[in-house]
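Structural overview
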Amino acid sequence: MGWVGDAVDSVKSLQIRQVISQVVSLGMIVTSALIIWKGLMCITGSESPVVVVLSGSMEPGFKRGDILFLHMSKDPIRAGEIVVFNVDGREIPIVHRVIKVHERQDTGEVDVLTKGDNNFGDDRLLYAQGQLWLQRHHIMGRAVGFLPYVGWVTIIMTEKPIIKYLLIGALGLLVITSKE
Amino acid sequence: MHSFVYRANAVLTFAVTVLALMCAIASFSDNLNSPSPSADVQVLNINWFQKSTQGNDEVSMTLNISANLQSLFTWNTKQVFVFLAAEYETPQNSLNQVSLWDGIIPSKEHAKFGIHTTNKYRFTDQGSNLRGKQYNLTLHWHVMPKTGKMFADKIVMTGFRLPEEYR
C-alpha cells in the first residue's frame, strides 16, 4: 500500500518540463520504430515486409507463430515459390506455395494457382467466387526467410487484446512514474 | 538506474540480440554447404489423355521418380520440399508450369528415394494444346531451414513428349 501512496505522490509532484520531455522521448521511440518499418517496406518492395503465420496449412514447414520475411522483386512468379497474397474482399493475407503457373506470351501477365503444403486440395476454395487463378497484383511478396516462434507475441496480442492494453498501460505507468 | 526493471530490460535486450545473431550465423552457415543432388524421372504410362468439358486438355500419367537429395541437408535444415513440374510452351502462353507431384523430406535418411505414382495433381492445360506436345519434367526443391534464409534449385529433364492423339 505504501507503494501506491508513493506512486500517487510522484504523479502529483511532476513538473511540466519533465512531463513534456517524457512524452517527447516516447514519441521518438515510436517514430523510430515507424521509420524502421517504412524503411523495410522500401527495401523489400513489399507492402508488409514481415508476416506472422496464422494457420497450420503449411506445416510442418511453417507452424503457427512463425514469422516470414518477404521480398517482392520484378522477377516472374514461378512454381514452388512461397507467396503471400490477399484475396479480394479478405484482409488477412494467406501464405501458400505456387503449384501452377501460366504466363502469357504477349503481355507477360500470369495466372497462378496456389496450395498450402498441408492442405489436401488447392486454394480455389479460398479465392473469390468464380475466381480460378491469382494474378500478379494479388501477390504481396515472396517468402525468403523465416524465424520460428517470434510471431506468437503478435498472435497473443491480436487474439487477447486485453493483454495489449495491459502492456501499454504498464508501459505508460512506468514512463510517468520513473524519475529520470 | 539499478532498479529491477532496468536490469531486467538490459538482460532481455542482450538476450534478444544474442539470439538474433545466432540465428543469422546459423543461416549463414548454410552457404558453406555445396550440394550435389541427382534425379531421374521416367514416364511409365500415359493412363488417359482427354479434353475436359471446359475444353481444356488433361493428362493422367504414371511416373517413376527417383532422386538423391542427401547432400542438401545441413544441421540447419528442417525439411526439404520437393516437387515435380511439367513445363512446356503453347502459342498463347510463353511458359506453363504444372506441378504433378510433391512431397516433404523430413530428414537426410529419407532424402534418397524412388517412388512409383500417378500424378497427384491434375495435369491440365489452359486450352487444348497438349497433343504431341514436347515438355520438360523439372524436379524442384526448396530447402526450409530451422531458421533463416530458404534456398531453392532444380534439375531439368528434357525430352518428354505427349501422344499425338487422345486416348
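Residues numbered from 1 in each chain as written. Chains lettered and ligands numbered in written order. Predicted model: local features only at pLDDT ≥ 70, side-chain atom pairs only at ≥ 80, totals over all residues. Heavy atoms only, no water.

Here is the rule we go by: UniProt positions are given in the numbering used here, feature names are shortened, and annotations may be inferred rather than shown by experiment.
As recorded in an unreviewed UniProt entry, chain B goes by the name Signal peptidase complex subunit 3, listed as coming from Actinidia chinensis var. chinensis. Quoted straight from UniProt, the Subcellular location (unreviewed entry) entry for chain B says "Endoplasmic reticulum membrane". In its Sequence similarities (unreviewed entry) section, the UniProt record describing chain B reads: "Belongs to the SPCS3 family."

Chain A is annotated in an unreviewed UniProt entry as Signal peptidase complex catalytic subunit SEC11 from Actinidia chinensis var. chinensis. Taken verbatim from the UniProt record of chain A, the Subcellular location (unreviewed entry) comment is "Endoplasmic reticulum membrane".

1. Details of the packing of aromatic side chains
Residue and element names in this part refer to chain B. Put simply, the test is: Only centres within 6.5 Å qualify two rings of Phe, Tyr or Trp (six-membered ring in Trp) as a pair; their planes then separate them into stacked at under 30 degrees, edge-to-face at over 60, and tilted for everything else. By definition, any uninterrupted DSSP run of H or I lasting at least four residues is a helix, any uninterrupted run of E lasting at least two residues is a strand, and each is numbered from the N terminus. Burial here depends on accessible area, computed with a 1.4 Å probe over protein chains only, as a share of the maximum for the residue type. Under 20% is buried, over 50% is exposed, and the range in between is partly exposed.
The final tally for this structure, using the stated rule, is eight aromatic pairs over all chains. Measuring from centroid to centroid gives 6.1 Å for Phe-123 and Tyr-135, while their planes differ by 75°, and the two rings are edge-to-face. Taken together, the residues Phe-123 in strand β6 (residues 123-124) and Tyr-135 in strand β7 (residues 134-145) connect sequence positions twelve residues apart. Of the two residues, Phe-123 and Tyr-135, neither departs from the other in class, the shared state being buried.

2. Quick notes on the pattern of salt bridges
Defined as follows: Salt-bridge detection follows one rule: a side-chain nitrogen of Lys or Arg within 4 Å of a carboxyl oxygen of Asp or Glu.
With the rule as written, the count across this model stands at eight salt bridges over all chains. Between Arg-142 of chain A and Glu-81 of chain A there is a salt bridge, with its nearest N and O atoms 2.8 Å apart. Taken together, the positions of Arg-142 of chain A in strand β6 (residues 139-147) and Glu-81 of chain A in the loop between β2 (67-71) and β3 (82-85) put the pair 61 residues apart, joining distant regions of the chain. The buried category is assigned to Arg-142 of chain A, whose relative accessible area is 10%. Residue class for Glu-81 of chain A comes out buried when judged on its relative accessible area of 18%. The salt bridge involving Arg-161 of chain B is made with Glu-164 of chain B; its shortest N-O contact spans 3.0 Å.

3. Digging into the domain arrangement of chain A
All names here are of chain A. Operational definition: Domain start and stop positions are those given by an automatic or database domain assignment. Only heavy atoms enter the contact rule, under which two residues are in contact if any of them lie within 4.5 Å. Throughout, the accessible surface (probe 1.4 Å) given up by two parts as they are put together, summed over both, is called the buried area.
What the domain assignment lists for chain A is domain 1 (50-148) and domain 2 (150-179). For domain 1 versus domain 2, the separation of C-alpha centres amounts to 32 Å. With eight residues of domain 1 in contact, the opposing surface of domain 2 contributes six residues. Surface buried jointly by domain 1 and domain 2 totals about 560 Å² across both partners, of which 62% is contributed by carbon and sulfur atoms. If you sort the residues of domain 1 by the area they bury against domain 2, Val-52, Arg-64 and Gly-65 come out on top, with a joint share of 68%. Taken together, the links from domain 1 to domain 2 amount to one salt bridge. Its salt-bridge partner being Arg-64, residue Glu-159 comes within 3.3 Å of it at the nearest N-O pair.

4. Remarks on the interface of chain A and chain B
To keep it simple, the criterion reads: In protein, a polar contact requires one atom able to donate a hydrogen and another able to accept it; more generally it is a pair of N or O atoms within 3.5 Å, and residues adjacent in sequence count only if both atoms are side-chain atoms. Put simply, Ala, Val, Leu, Ile, Met, Phe, Trp, Tyr, Cys and Pro go in the nonpolar bin, Asp, Glu, Lys and Arg in the charged bin, and everything else, Gly too, in the polar bin.
Across the contact, 31 residues belong to chain A and 34 residues belong to chain B. Of the roughly 2,600 Å² buried where chain A meets chain B, counting both sides, 53% is carbon and sulfur surface. Among the residues of chain A in contact with chain B, His-102, Gln-105 and Phe-146 of chain A are the three that bury the most area, contributing 21% of the side total. Counting across the chain A and chain B interface gives zero salt bridges. Where chain A meets chain B, there are 19 residue pairs in polar contact (both at pLDDT 80 or more). At the level of secondary structure, the elements contributing two or more residues to the side of chain A that touches chain B comprise β4 (94-104), β5 (110-115) and β6 of chain A. The leading source of residues in the side of chain A that touches chain B is β4 of chain A, at seven residues. A class-by-class count of the residues in the side of chain A that touches chain B yields 13 nonpolar, six polar and twelve charged.

5. As for the domain arrangement of chain B
Residue and element names in this part refer to chain B. As assigned here, chain B comprises domain 1 (1-32) and domain 2 (35-161). Centre-to-centre, using C-alpha coordinates, domain 1 lies 41 Å away from domain 2. Contact with domain 1, which involves six residues of that partner, is made by eight residues of domain 2. Sorting the residues of domain 1 by area buried against domain 2 places Ala-26, Ser-27 and Asp-30 first, and these three jointly supply 69% of that buried surface. There are five residue pairs in polar contact (both at pLDDT 80 or more) connecting domain 1 and domain 2.

6. Focus on the nonpolar core
To be explicit about the condition: Each nonpolar core is a collection of buried residues, namely Ala, Val, Leu, Ile, Met, Phe, Trp, Tyr and Cys, held together in the definition by side-chain atoms within 4.5 Å.
One finds Phe-62, Leu-68, Ile-82, Phe-85 and Val-112 of chain A to be the most contacted residues of the largest nonpolar core, which totals 34 residues. At the level of secondary structure, the elements contributing two or more residues to this core comprise β2, β3, β4, β5 and β6 of chain A together with β3 (77-88) of chain B. The element contributing the most residues to this core is β4 of chain A, with five residues. Look past the residues within four positions of Val-112 of chain A in its chain and what remains in contact with it is Ile-77, Val-98, Lys-100, Val-101, Tyr-127, Trp-133 and Leu-134 of chain A. Within the second largest apolar cluster, 33 residues are counted, among which are Val-80, Ala-86, Leu-137 and Trp-141 of chain B.

7. Things to note about the UniProt feature "domain: Peptidase S24/S26A/S26B/S26C" (unreviewed entry) in chain A
As annotated by UniProt and renumbered to match this structure, "domain: Peptidase S24/S26A/S26B/S26C" (unreviewed entry) occupies residues 38-102 of chain A. With 11% helix and 32% strand, residues 38-102 of chain A has end C-alpha atoms that lie 33 Å from one another.

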